[in-house]
Every structure is written in structure tokens, then in C-alpha cells.
Amino acid sequence: MRLSRYFLPTLKEAPSDAQIVSHQLMLRAGMIKQEAAGIYAWLPLGLRVLRKIEGIVRQEQERAGAVELLMPTLQLADLWRESGRYDAYGPEMLRITDRHERELLYGPTNEEMVTDIFRAYVKSYKALPLNLFHIQWKFRDERRPRFGVMRGREFLMKDAYSFDLDEASARIAYKRMFAAYLNTFSRLGLKAVPMRADTGPIGGDLSHEFIVLAETGESEVFCDRKLVEMDAPGHNLSVEQLEGVFDERTALYAATEEMHDAAQFESQTAEGDRLSARGIEVGHIFYFGTKYSAPMKAKVAGPDGQDTEVHMGSYGVGVSRLMGAIIEASHDAGGIIWPDSVAPFDVVVINLRANDEAVSAACEEAVAKLEALGKDVLYDDTDERPGGKFATADLIGVPWQLTIGPKGLADGVVELKRRATGEKQTLPLDAALELLTQ
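Model, not experiment: these values are computed from the prediction.

Caption draft 1: View of the packing of aromatic side chains. Counted by the stated rule, this structure contains 15 aromatic pairs. Look at Tyr-174 and Phe-246: their rings are 6.2 Å apart centre to centre, the planes differ by 80 degrees, and that puts the pair in the edge-to-face class. Within this pair, whereas Tyr-174 is found in helix α5 (residues 167–187), its partner Phe-246 is found in helix α7 (residues 239–250), the two being separated by 72 residues in sequence. For Phe-246, a relative accessible area of 11% puts it in the buried group. Through pairs of rings, three or more aromatic residues link up here, namely Tyr-174, Phe-178, Tyr-181, Phe-185, Phe-210, Phe-246 and Tyr-315. Against the face of Tyr-86 rests Arg-81, its NZ or CZ located 4.5 Å from the ring centre. For the cation-ring pair, Arg-95 lies above Tyr-86, with the distance from its terminal atom to the ring centre recorded as 4.6 Å.

Caption draft 2: Just the side chain of Arg-119, in detail. Inspection of the secondary structure puts Arg-119 in helix α4 (residues 111–121). For Arg-119, the side chain forms a polar contact with the side chain of Asp-116, separated by 3.0 Å. Among the polar contacts listed, one links the side chain of Arg-119 to the backbone oxygen of Met-296, at a separation of 2.6 Å. Those residues in contact with Arg-119 that lie beyond four places of it in its chain are Leu-79, Glu-82, Met-296, Lys-297 and Ala-298.

Caption draft 3: View of the domain arrangement of the protein chain. If you check the domain split of the protein chain, you get domain 1 (3–336) and domain 2 (347–437). Between the C-alpha centres of domain 1 and domain 2 the distance comes to 38 Å. Of the residues lining the interface, 15 residues belong to domain 1; the matching set on domain 2 comes to twelve residues. Overall, the association of domain 1 and domain 2 removes approximately 1,100 Å² of surface from exposure, summing both partners, and the carbon and sulfur fraction of that is 59%. The largest share of the area that domain 1 buries against domain 2 comes from Leu-3, Ser-4 and Ile-336, three residues that together contribute 45% of it. Asp-332 is the salt-bridge partner of Arg-419, the closest N and O atoms lying 2.7 Å from each other. There are six residue pairs in polar contact (both at pLDDT 80 or more) connecting domain 1 and domain 2. Looking at the side of domain 1 that touches domain 2, the elements that each hand over two or more residues are α1 (21–28), α2 (44–63) and β18 (335–336). By residue number, the principal contributor to the side of domain 1 that touches domain 2 is α2, which donates three residues.

Caption draft 4: Region of interest: the sheet that holds strand β22 (residues 414–418). Read from one edge to the other, the open sheet built from five strands follows the order β20-β19-β21-β22-β23, with strand pairing classed as mixed. The sheet terminates laterally at β20 (377–380) and β23 (424–427), the two strands that pair on one side only. The mean inter-strand angle of the sheet, taken between neighbouring strand axes irrespective of direction, is 20 degrees. Sheet topology note: the β22/β23 ladder contains four bridges and is antiparallel. Each residue of the ladder has a partner; that of Leu-416, found in β23, is Gln-425.

Caption draft 5: Focus on the packing of α2 against α5. α5 packs onto α2 with a crossing angle of 150 degrees between their chain directions and a minimal axis gap of 9 Å. Taken together, the axis directions place α2 and α5 in an arrangement best described as roughly antiparallel. Note that α2 runs across α5; the crossing there is right-handed. Contact residues: Ile-56, Val-57, Gln-59, Glu-60, Gln-61 and Arg-63 in α2; Met-177, Ala-180, Tyr-181, Asn-183, Thr-184 and Arg-187 in α5. When its residues are assigned to classes, the contact of α2 with α5 shows five nonpolar, four polar and three charged.

Caption draft 6: A look at the pattern of salt bridges. This structure, assessed with the given rule, holds 33 salt bridges. The partner of Glu-111 in a salt bridge is Arg-85, with the nearest N and O atoms 3.1 Å apart. With a gap of 26 residues between them, Glu-111 in helix α4 and Arg-85 in the loop between α3 (77–83) and β5 (94–97) connect regions that are remote in the sequence. Classification of Glu-111 by relative accessible area gives buried; the value is 1%. Overall, the relative accessible area of 5% leaves Arg-85 in the buried class. Close ionic contact of Arg-171 with Glu-167 constitutes a salt bridge, the shortest N to O distance being 2.8 Å.

What counts as what
Residues numbered from 1 in each chain as written. Predicted model: local features only at pLDDT ≥ 70, side-chain atom pairs only at ≥ 80, totals over all residues. Heavy atoms only, no water. Phe/Tyr/Trp six-rings, centres within 6.5 Å; stacked < 30°, edge-to-face > 60°. Helix = DSSP H or I, 4+ residues; strand = E, 2+ residues; numbered from the N terminus. Buried < 20%, exposed > 50% of the residue type's maximum accessible area, 1.4 Å probe, protein only. Lys NZ or Arg CZ within 6 Å of the ring centre and 35° of its normal. Polar contact = N/O pair within 3.5 Å; in protein donor to acceptor, adjacent residues only side chain to side chain. Contact = heavy atoms within 4.5 Å. Domains from an automatic or database assignment. Buried area = accessible area lost by both parts, 1.4 Å probe. Salt bridge = Lys/Arg side-chain N within 4 Å of Asp/Glu carboxyl O. Pairing = 2+ DSSP bridges. Axes fitted to C-alpha atoms, helices over the stretch in contact; angles between N-to-C directions. Parallel < 35°, antiparallel > 145°, perpendicular 65-115°, else oblique. Left-handed = near helix turned anticlockwise from the far one by under 90°. Nonpolar A, V, L, I, M, F, W, Y, C, P; charged D, E, K, R; others polar.

Structure below.
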């Protein structure tokens, strides 16, 4: 992709109302544009990152056995009346009446609709366990939307819903998603700590938040340091291994400030392992038994032929919110530092003299070879001054910068910079291309 033909409206300064780093950098890097309070247009660079985050979330859900579908954004109010949540949900729900006076709502979550889909088609325990997920835009009418995509009104969310015959099976499904979330956040370059949480308006008696530690986090968290150091559990785990992953992590202290018990923290955690930090919630999972299946009559015939209300869980990940969390956890004075897995481009090739035929030919060669090897390349072929090109490359956070200029080309070398470390190497072009494709 040639930068001269791309749409990348960068800003030198962030607007004064952008209070946190991720909001400031997303605006400066030309990733989003605010259209209304808490509502954003996703510009090309931001959309590329959003799609990569979405892809990783989708892959990890499918690896855990979940099946994707797509539910609409608008839902019938009558479904929510069946569960009893329509009047209880509060002013965060956007309620709509169409021209035929039918009451609708812009879905903040999908427990009712997915339960309706399930009860329409699944009649036997032989179809269980079942986990259905979708990735869809949601709307919650926050009183004070702020912090950019971290607390917007419209947001992209992955929500999954598990259906099981009994509580024991449902708790296994919960632990499978627990492990899948740890794998997901690891692939996104994040260290996420699971913390026991309040179930809130979703309901149920078992719930965990997944918190990413960041200096600019929205709330204070307290945990055993060993939780931050644990590796992702991996895939294809047996039930016994899932139990082990869950028990190992939940045996250690971890709590948000709302759930924090200072005395328990001190008694349960060695002094050297006590970690107090700021955190950002990036995922939330719930087991809520028959809270929705009972009032909505979602039943299956069990092995004995008797109808049984299914046990359910729900599992949310804020896909658009994750972008803000990644930036909060990974940036410097120059701009964003994307993990390789979600970067908008793998490499930016910087042409230091766009009107020099030899330099341009070398850049074109580098771009062609990298793209042939499957790399996403942004080619800065603009006539911007070198300082401006370097500043833009740092701001947008592409992991590698390959700089080609007339002086280096005369000496048979180019410069390769790793954005995350700032390390620079001067080496022949072929050697640089080999390094980039390892």
C-alpha cells in the first residue's frame, strides 16, 4: 500500500478533550473520528487493526469449540420481557418504536435472542454441549461516555453463549472459555489476569473479569504476582487439564477494588508477591444456570426422556475496547507500539528521496519481495521530509521500519529499525529482507 494513495489523516497534536493515551494516539494516528458522544467512525488504519484483533478472537473461539453465527443489532422488546430484564435493565438500553408501534431495542447483549434461537431448534440433549458466538456491534447509552473506545456507547463485542444439560457440564464449558480467553489475550500481546467479579445485570453466581495491567488503567487491582507471570495454557486441553488451569489461577488472590479484601490479600499472598496496580477490563465471563432458560422455557429432552431446562453461560470480549487496552499497555513518547499479531502493517518501507530513481527502484523491489512473501507493507513514497516520515512511522507503530536512502544505497546498505526496542541495524537490502521474513 502506497502512503501517497492511502487515507491516513494524522494529527500533530491530540484534541484537548482526549484524556487518556489510547484516545490521544488513536486520534493522532488517524485511526478513528468521533461522530457523536461515544460513537466513532473507524478510519482505514484503525479498521485494519480492529479486523486483526477480531480475527484472533474468532480463531480462539473456534479452537475452543464455539460455533459462529450473526444476530441482528435490533431485538424485540418482548424477548426481554420474557426474561424479566426489559424493565430492569435501566437507561443504558436504547429503546425504539418502529412505524408499526412495535417496541424494539438496540442490543446491549444477546442472552434472550440466543436463547430464543436455541429453543426453536434444539430439542434433545444429544445436541449438547453447544456454544454459539457472534461478533457484533452493541450499544449501551452510557451517561458519560469518555476515554475514546475504552468507554464508548457503540462498541464491537464478541459474545458467546454455552448450553449444557446440567451444572457440572456447564461449569466445564465455563472453564474451557476461561482457558480460551487466556490464550486469546496472550496472542494479542497482553498479560490478562482473571479476577472474580460481580455478576451485575447479566446474573448468575460465577463470574470472572479479565484485567490487563496498565499504568493508565481505569481501576485499581490487587493480585498475586505469579498470575502475571503464568504462560497461556494452550489448546486441546482435557477436562482434567482445564480443571487444573482454572484451579491453579483461582487459588491465587486477584480482585478489583470493588471486590478487594485487604485482610485476605495479606493472609493469602506472600509479601513479595503482592501486586497493586491499575487495570483495564477486557473480558467478562458468567455462568448463570437456568436464569434465562427457565423463564424462556429453553428445554431439551434428557437421557430419561424428561424435559430439562438447559444450563447456560455467557462470555464477552470487548473487541474494539481491546485496541485501546493494547495501546495503553504498549506505547512510548513516539506513539503506538503494536504487537506483531495485530499491527496494521508488518513493515513500513521509507523512501528518503522519492524523486531519486535508484532509491525508488530499490524501494519498489523491497516492497514487491515482501508482499510476495505474504507481508503487509506500507510504502512511504511521499515527498515529506525524513523527520516527518520517521515521526509518522513511530506514531502508527508498525513493528519494522525499513529505510532506504541515496547515501546508504551508494554504500550498498539500508537501515532496519525494530519499533518496540528502537534497535537499528545497517545491512545489505537482501539481508534485511531475509531478516524480515524469518
